[in-house]
Amino acid sequence: MKTENILLALEAKHPGEHEYLQAVKEVLHSIEDVYNQHPEFEKAGIIERLVEPDRIFTFKIPWVDDKGNVQVNLGYRVQFNNAIGPYKGGLRFHASVTPSSLKFLGFEQTFKNALTTLPMGGGKGGSDFSIRGKSNAEVMRFCQAFMLELWRHIGPDTDVPAGDIGVGAREIGYLYGMYRKLALENTGTLTGKGLDYGGSLIRPEATGFGGLYFVYQMLKTKGIDIKGKTVAISGFGNVAWGATLKATEMGAKVVTISGPDGYVYDPAGISGEKIDYMLELRNSGEDIVAPYAEKYGVEFFPGKRPWQQKVDIALPCAIQNELNEEDAKTLIDNGVTCVAEISNMGCTAEAVDLFIEKKVLFGPGKAVNAGGVATSGLEMTQNAMHLNWTEAEVDEKLHQIMKSIHEQCCIYGKQPDGYINYVKGANVAGFMKVARAMMAQGVV
Ligand code: GLU
C-alpha cells in the first residue's frame with residue numbers, strides 16, 4: 001500500500017479537514033503490514049472505498065427561539081459504512097461540529113462498531129447547535145426541527161442514531177418523539193431512549209463502565225490492581241460520570257474532573273454524593289465545573305487541563321485532541337501507568353506516539369469507549385425482541401464485549417517484546433472485519 005500517496009490524494013480532495021485526515025492517517029499506518037499481506041484488498045480498492053463515507057446528508061434547521069427570533073443551524077448525518085450492519089452512531093450538538101469532525105467520528109465509529117462483535121455499521125451526525133444557555137422549550141423545538149429533516153434517512157434496519165456530546169436523555173426523548181410521529185412507527189430507531197419507552201438499563205453508564213472494564217483488562221496484563229490507584233478524568237458529562245462511578249466502585253480514587261472553564265482537583269476523591277452532583281452540574285446547562293470547587297472547598301485551576309496532576313491513570317472523557325504532546329510528557333514524567341481514551345480520539349497523534357514510544361499502557365477510544373455503542377446494540381436487540389433485559393444481564397454482556405475487544409487488541413497488537421500496541425491491535429482487528437465483509441459483497 002502506498003499510504004503516503006493515498007493520504008496526499010485525500011488531503012488534496014479534502015483540504016483543511018484535519019480531524020478526518022488525522023483519524024485516517026492513524027488507521028492506514030496501523031494496517032499497512034496486514035494490508036500488504038492481502039493483495040486482493042488492493043485489487044478491490046478496499047482502502048479507497050473505506051476512507052470515504054457512503055453519503056453525507058446536510059440540511060438547514062430553522063427554528064424559533066424564546067424571544068421569537070428565527071435561528072438557523074446546520075445539521076448533518078454521515079452514513080459512513082454499512083458493510084457489517086445498519087449505520088449506527090451518535091448525534092453531536094456542539095459549536096465545534098463540522099463535516100470534518102463528523103467524518104472523523106463516522107470513520108472511527110465504523111471500526112469501533114466492528115470491534116463490538118455486534119452487527120453495526122458506522123455513522124455519525126449532529127449540528128453546530130449548542131445547548132448552552134438554551135431553555136428547555138428551545139431545546140425541544142430545535143430537536144423537533146432537526147428530526148423533521150433527519151427522519152427520512154433513518155430506520156431500525158437502516159440507520160440508528162444515538163446521543164453524543166450535547167445529546168443526552170432529554171434530547172433523545174424529544175428527537176424520538178418527533179421521529180415516531182413522522183414515521184408512524186415505534187420500533188426504537190434511536191438508542192439511549194428512556195426506560196419507559198424502549199431504553200436499556202445500563203445504557204447511560206455504559207461508555208464509562210465499559211471504559212473501566214477495558215482499563216481493568218489492560219492493568220491485568222501487567223499484574224496491576226486498580227484498587228488504590230489515583231485517576232485523572234477530564235469532562236463532567238455523561239461519560240465522565242459513568243467512568244467516575246465505576247472507577248470509584250473498583251476502589252480507585254478519581255481526583256479531577258474538568259470543563260471548558262478549567263479543572264477541579266479533589267485529593268480526597270470524587271465519590272458518593274459528589275458523583276451525583278456531577279449530574280446536577282451537567283443539568284444546569286452552564287457548562288462549567290467551578291461550582292464543584294466552591295461547593296466542596298477544593299482547588300480550581302482556571303483554563304488548565306487535569307493532565308498536570310500526578311496520577312496513575314489518565315482518562316480523557318471530554319472531546320477530541322484534549323490531551324497533547326506536552327500533556328503526555330508531563331504525565332509520563334509524573335510516572336503515569338495507563339492512559340485510556342474514553343472520548344473519541346482524545347489524544348493528539350503526537351501524544352499517542354509518545355505514549356507508545358515510552359511503552360505506557362495506552363488504549364485508543366475506538367476500543368476503550370466502545371461499551372457505549374455496544375450497549376446501544378443491546379438496546380436494538382431488546383427492541384427487536386420486544387422485551388427488556390435486567391441490569392445484571394446487560395452488564396454481563398457489556399463485560400463480555402469489553403473483554404472480547406481487549407482480546408482482539410492483544411491478538412493483533414502484541415509486539416515481540418510483549419508490549420501491547422492497542423492502537424495497532426484495535427485498528428487491524430476492526431479493519432479486517434469490515435474489509436472481509438466488503439470483499440464478500442463485491443464492489444458496491
Ligand atoms: N456517541 C457514542 C459513541 O461515540 C455512542 C454511539 C451510539 O450509541 O450509537 O460511540
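Use the structure listed above.
Residues numbered from 1 in each chain as written. Predicted model: local features only at pLDDT ≥ 70, side-chain atom pairs only at ≥ 80, totals over all residues. Heavy atoms only, no water.

Caption draft 1: Focus on the overall build of the protein. The helix and strand inventory of the protein stands at 17 helices and 12 strands. The globule rule puts the C-alpha radius of gyration for 444 residues at 22 Å, and the 21 Å found for the protein is close to it. Counting only C-alpha atoms, the protein reaches 60 × 55 × 45 Å along its principal axes. Per-residue burial for the protein yields a buried fraction of 57% across its 444 residues. Expressed as a percentage of contacts within the protein between residues at least 6 apart in sequence, the contacts between residues at least 24 apart total 72%. For the protein, the exposed area adds up to about 17800 Å²; of that, 52% sits on carbon and sulfur atoms. On the protein, the mean spot of the 45 positive side-chain charges and the mean spot of the 53 negative ones are 2 Å from each other. (Helix = DSSP H or I, 4+ residues; strand = E, 2+ residues; numbered from the N terminus. Rg over C-alpha atoms; globule rule 2.2 N^0.38 Å. Buried < 20%, exposed > 50% of the residue type's maximum accessible area, 1.4 Å probe, protein only. Contact = heavy atoms within 4.5 Å. Areas by Shrake-Rupley, 256 points an atom, 1.4 Å probe, with all protein chains shown as cover. Lys, Arg positive; Asp, Glu negative; His and termini not counted. Charge placed at Lys NZ, Arg CZ, Asp CG, Glu CD.)

Caption draft 2: Inspection of the site of the ligand at higher detail. Around the ligand, a shell composed of 14 residues is seen, among which Lys88, Lys112, Gly163, Asp164 and Ser376 lie nearest. Lys112 places a polar side-chain atom, nitrogen or oxygen, 2.7 Å from an oxygen atom of the ligand. For the ligand, an oxygen atom lies 2.5 Å from a polar atom in the side chain of Ser376. Protein burial of the ligand: of its 300 Å² of free accessible surface, 94% is covered by the chains. When residues of the shell around the ligand are traced back to their parent elements, those giving at least two are β3 (87–93), α5 (99–115) and α15 (370–385). Grouping the constituent residues of the shell around the ligand by class yields 2 nonpolar, 7 polar and 5 charged. (Near = heavy atom within 4 Å. Polar contact = N/O pair within 3.5 Å; in protein donor to acceptor, adjacent residues only side chain to side chain. Nonpolar A, V, L, I, M, F, W, Y, C, P; charged D, E, K, R; others polar.)

Caption draft 3: Region of interest: the pairing of strand β2 (residues 70–81). Relative to β2, strand β1 (residues 55–64) runs antiparallel, the two being bridged by 10 bridges. What sits directly across from Ile61, in β2, is Asn73. Hairpin remark: β1 followed by β2, antiparallel, with 5 residues in the connecting loop; positive phi at Gly68, about 90°. The sheet contact formed by β2 and strand β4 (residues 122–127) spans 6 bridges and is antiparallel. When the bridges of β4 are listed, Gln79 appears paired with Gly123. (Pairing = 2+ DSSP bridges.)

Caption draft 4: Looking closely at the sheet that holds β2. With mixed pairing, 5 strands are arranged side by side in an open sheet as β1-β2-β4-β3-β5. Each edge of the open sheet is held by one strand with a lone partner, namely β1 and β5 (159–162). Across the sheet, the mean angle separating the axes of adjacent strands is 20° when strand polarity is ignored. Here β3 runs beside β5; their pairing, made up of 4 bridges, is parallel. Pairing of Gly90 across the sheet is with Ala162, part of β5. (Axes fitted to C-alpha atoms, helices over the stretch in contact; angles between N-to-C directions.)

Caption draft 5: Focus on a nonpolar patch on the surface. Together, Val64, Val70 and Val72 line one region of the surface with nonpolar side chains, adding up to about 270 Å² of accessible area. Position of Val64 relative to the elements: it lies in strand β1. Exposure remark for Val64: the relative accessible area of 38% places this residue in the partly exposed category. (Patch = residues over 30% accessible without salt bridge, like charges linked within 9 Å, V, L, I, M, F, W, Y side chains within 5 Å. Salt bridge = Lys/Arg side-chain N within 4 Å of Asp/Glu carboxyl O.)

Caption draft 6: The arrangement of the packing of aromatic side chains in detail. This model, assessed by the stated rule, comprises 22 aromatic pairs. Aromatic pair Tyr176 and Tyr197: ring centres 5.9 Å apart, planes at 20°, arrangement stacked. Of this pair, Tyr176 sits in helix α7 (residues 169–183) while Tyr197 sits in the loop between α7 and α8 (203–220); the two residues are 21 residues apart in sequence, bridging distant segments of the chain. Between Lys246 and the ring centre of Phe209, over which it is positioned, the NZ or CZ distance is 4.3 Å. Stacked on the ring of Trp389, the Lys or Arg Lys397 has its end atom at 4.3 Å from the ring centre. (Phe/Tyr/Trp six-rings, centres within 6.5 Å; stacked < 30°, edge-to-face > 60°. Lys NZ or Arg CZ within 6 Å of the ring centre and 35° of its normal.)

Caption draft 7: Up close: the layout of surface pockets. Put simply, the second largest pocket is a space of about 640 Å³. As for the second largest pocket, its lining consists of 29 residues, and the residues nearest its centre are Gln22, Lys25, Glu26, His29 and Ala349. Counting only elements with at least two residues in the lining of the second largest pocket, the list comes to α1 (3–13), α2 (18–36), α13 (349–357), α14 (365–368) and α17 (422–440). When residues of the lining of the second largest pocket are assigned to their parent elements, the largest contribution, 7 residues, is made by α2. Grouping the constituent residues of the lining of the second largest pocket by class yields 10 nonpolar, 9 polar and 10 charged. (1 Å grid on protein atoms, 1.4 Å probe; cavity = no way out; pocket = protein on both sides within 12 Å on 5 of 7 lines; lining within 4 Å. Points joined across faces, edges and corners; volume = space filled by probe spheres on them.)

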